[in-house]
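# Structural characterization, general
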Amino acid sequence: MADVTPDIQTQPGLKEKLLERLKAFLKDILSYFNVANDLESQQDVEQSIRSGVDFKGSQLLVLIFAIFVASLGLNTDSIPVVIGAMLISPLMGPIIGMGLGIGIADYTLLKRSFKNISMAVIGSLAASAIYFLISPQYEGSSQLLARTSPSIYDVFVALFGGAAGFVSIACRNKGQVMPGVAIATSLMPPLCTAGYGIATWQGHFFWGALYLFFTNMIFILFATWIGVKILKYKAVVYQNNGRNKRVQTFVTIVVFCTVGVSCFLTYQMIRKNIFLAKAQAFVEQQMIFPNTQVLSHKEYISGGKRYIDVTLIGTALPKDSLQLAMMNKLDSVGLGGTILQIKQGFSVGALTTETSSPEKNFAEFYAMAQNELLQRQSVIDSLKDVIRFQNRFNDQSLEIAPEIKVLFPGVKDMALSQMVVTSVDSLHPDTISMVFIRSPYVMSEKDRKKLLDFLRLRFDDHKMGLTVNPHGFPWPKN
């Protein structure tokens, strides 16, 4: 039979119709991304951005309040309070103003925005430093520490957050974008953390947090600049092309340098996280000994070298042999070159004569005592379970003896036992219950099965075995 399947090539106009439908479908899809009809005029957008550049009057007061709210949130390690400070903070204004100034070559606006953001940064650092000087807390909380490790991920957050912020300003349908951008880009908490570093003279807090703020600022600025170029905003009339080129080149270099540093820090962070995960798994899986336990362990990187500190408690192990064996295992799991420091053989006296603080000594001794108690309690509970089971087994044996005598008159003696059965080939042990019966009469197969079913039901043990008149069994003499 001939093939009657329609051929697109043989039907005139069919191919063209399919292409037209495909184009219409793609055009309909792309229409969802068209923002041309929703855009504000350049004049309105500029007016909106310029009005948020200056920190004077109410804006300055709001900034001061936001600083103290963020400092309180970091001080108490409260995420909701930190988020509240991000929402209050007006720091986005001058940063977007700098991006607009570069994009339209308005260097008067650029200078004014830079001056205002500089004053805002200085004021934020001063206010937060004063707060933490009088605050009773002097140890970094987790929220503080989280603001001192900038990475490439922070670059992407600031870039896309800044893009969302500029689009919301440039469009009529603004929605609730700016509060979300304020939270995502996180400008205020890093400044407060830097102020904490000043108050406590901790450079890693100050420089790490300040770099994170700088990263967020640069990429919000960069996203605004790119947005201005995409929307083709007209430059100011009095622009200087040579100056404009120099400024844009400088910003481009700063952007690439920031990305480079962030990539390096991200690489270092990933390497550290991989090491910490491998080191922790090594201690938990490899350092297992019969009469010795790991009391505590710490994995860290210092001065470019990797360390694992382990404290053992229990029977002291040969130091040299243990060190050699563990170093070989470190090589096998990809931790070669790691410095393994093992402490063991602690007693109460040893713990109290350590050079560390009394609080640390007490904590180690308490942990040692707790581990020992848990071990002993585990053994006691296990023995109790064995005794409880054996007593139950014995009690049940005595209870069913009268029943056996009535139901099976031919049974004269009965013995019950828990036995361990081990396969010679697999060496896999198993525990079974066995019943031995002495009967002067020959028991039929039916009676044996009936007796076995009765015993399994009474003892609730479907694997129980039965032997009748075993040869050589030491039955009691009557």
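These figures come from a predicted structure and were not determined experimentally.

One open sheet holds the 3 strands; their spatial order is 4-5-6, and the pairing between them is mixed. Sheet topology places strand 4 (413–422) and strand 6 (465–468) at the edges, where each strand pairs with a single neighbour. Here the strands of the sheet are splayed against their neighbours by 25° on average, with no regard to which way each runs. Examined bridge by bridge, strand 4 and strand 5 (residues 429–438) share 10 bridges and lie antiparallel to one another. Counterpart to Leu416 in the pairing with strand 5 is Val435. Contacts from helix 16 (residues 445–459) reach strand 4, strand 5 and strand 6, with the element oriented near 140° to strand 6.

Our next topic: the packing of helix 2 (residues 42–51) against helix 8 (residues 152–170). Remark: helix 2 packs on helix 8, axes separated minimally by 9 Å, with the N-to-C direction vectors making an angle of 120°. Judged on the interaxial angle alone, helix 8 and helix 2 are oblique. Facing helix 2, whose interface residues are Val45, Ser48 and Ile49, helix 8 presents Phe166, Ile169 and Ala170. A breakdown of the residues in the contact of helix 2 with helix 8 according to their chemical character gives 5 nonpolar, 1 polar and no charged.

A separate point is the packing of helix 10 (residues 188–200) against helix 11 (residues 203–230). Orientation of helix 10 relative to helix 11, taken along the N-to-C sense of each, is 160°, at an axis distance of 7 Å. When the interaxial angle is binned, helix 10 and helix 11 end up roughly antiparallel. As for how helix 10 packs across helix 11, the hand of that crossing is left-handed. Contacts between helix 10 and helix 11 involve Pro190, Leu191, Thr193, Ala194, Tyr196, Gly197 and Ile198 from the first element and Phe205, Phe206, Ala209, Leu210, Leu212 and Phe213 from the second. Residues that form the contact of helix 10 with helix 11 fall into these classes: 11 nonpolar, 2 polar and no charged.

Turning our eyes to something else, we now look at the sheet that holds strand 2 (residues 305–314). Strand order in the open sheet formed by 3 strands is 1-2-3, and the pairing between neighbours is mixed. Of all strands in the sheet, those with a lone pairing partner are strand 1 (292–302) and strand 3 (339–343), marking the two edges. Averaged over all neighbouring strand pairs, the angle between strand axes comes to 15°, with direction disregarded. Bridge analysis of strand 2 against strand 3 gives 5 bridges, and the strand direction is parallel. Directly across from Val310, in strand 3, lies its bridge partner Ile342. The strands touched by helix 13 (residues 319–332) within the sheet are strand 2 and strand 3, with strand 3 carrying the most contacts at an inclination of about 145°.

It is worth spelling out the nonpolar core at this point. Counting residues in hydrophobic clusters, the biggest one holds 60 residues, and the most contacted among them are Leu91, Ile117, Met188, Phe213 and Tyr233. At 11 residues, the largest contribution of residues to this core is made by helix 11. Not counting chain neighbours up to four residues away, the residues in contact with Leu91 comprise Phe55, Leu63, Ile117, Ala120, Leu187, Met188, Leu191 and Phe213. Of all hydrophobic cores here, the second largest spans 15 residues; its members include Phe289, Ile308, Leu335 and Leu340.

On the surface, Leu19, Leu22, Phe25, Leu26 and Ile29 cluster together into a nonpolar patch covering about 460 Å² of accessible area. Relative to the helices and strands, Phe25 is located in helix 1 (residues 14–31).

Take helix 11 next. The end-to-end C-alpha separation of helix 11 is 40 Å, in line with the 40 Å expected for 28 residues at 1.5 Å each. Residue Lys232 follows helix 11 closely and has a positive phi angle near 55°.

Cut-offs used in this document
- Residue indices begin from 1 for each chain and proceed along its sequence in written order.
- Thresholds applied to this predicted model are a pLDDT of at least 70 for local features of residues and 80 or more for the giving and counting of side-chain atom pairs; totals over whole chains, interfaces and linings are not thresholded and use all residues.
- Based on all heavy atoms of the structure, the side-chain values leave hydrogens and waters out of the count.
- Strands are treated as partners if at least two bridges between them are detected by DSSP.
- Runs of E in the DSSP output that reach at least two residues are strands. Runs of H or I that reach at least four are helices, and both are numbered from the N terminus.
- Convention adopted: a line fitted to C-alpha atoms gives each axis, helices being fitted over their contacting stretch, and angles between N-to-C directions are expressed from 0 to 180 degrees.
- The contact definition used throughout considers only heavy atoms, calling two residues in contact when any of these lie within 4.5 Å.
- An angle below 35 degrees is read as roughly parallel, one above 145 as roughly antiparallel, one from 65 to 115 as roughly perpendicular, and any other as oblique.
- When residues are sorted by character, Ala, Val, Leu, Ile, Met, Phe, Trp, Tyr, Cys and Pro go into the nonpolar class, Asp, Glu, Lys and Arg into the charged class, and all the rest, Gly among them, into the polar class.
- By the definition used in this description, the sense in which the near helix is turned from the far one sets the handedness, with an anticlockwise turn below a right angle giving left-handed and a clockwise turn giving right-handed.
- For the purposes of this section, nonpolar cores are sets of buried Ala, Val, Leu, Ile, Met, Phe, Trp, Tyr and Cys residues that join through side-chain atoms within 4.5 Å.
- When accessible area is computed with a 1.4 Å probe and restricted to protein chains, residues below 20% of their type maximum are described as buried, those above 50% as exposed, and intermediate ones as partly exposed.
- Patches here: salt-bridge-free residues with over 30% relative accessible area, like charges joined within 9 Å, nonpolar side chains (Val, Leu, Ile, Met, Phe, Trp, Tyr) joined within 5 Å.
- Only the protein chains shown count as cover for residues, and all accessible areas are computed by the Shrake-Rupley method using a 1.4 Å probe.
- Salt bridge criterion: a side-chain nitrogen from Lys or Arg within 4 Å of a carboxyl oxygen from Asp or Glu.
- Any helix carries an expected span of 1.5 Å times its number of residues minus one.

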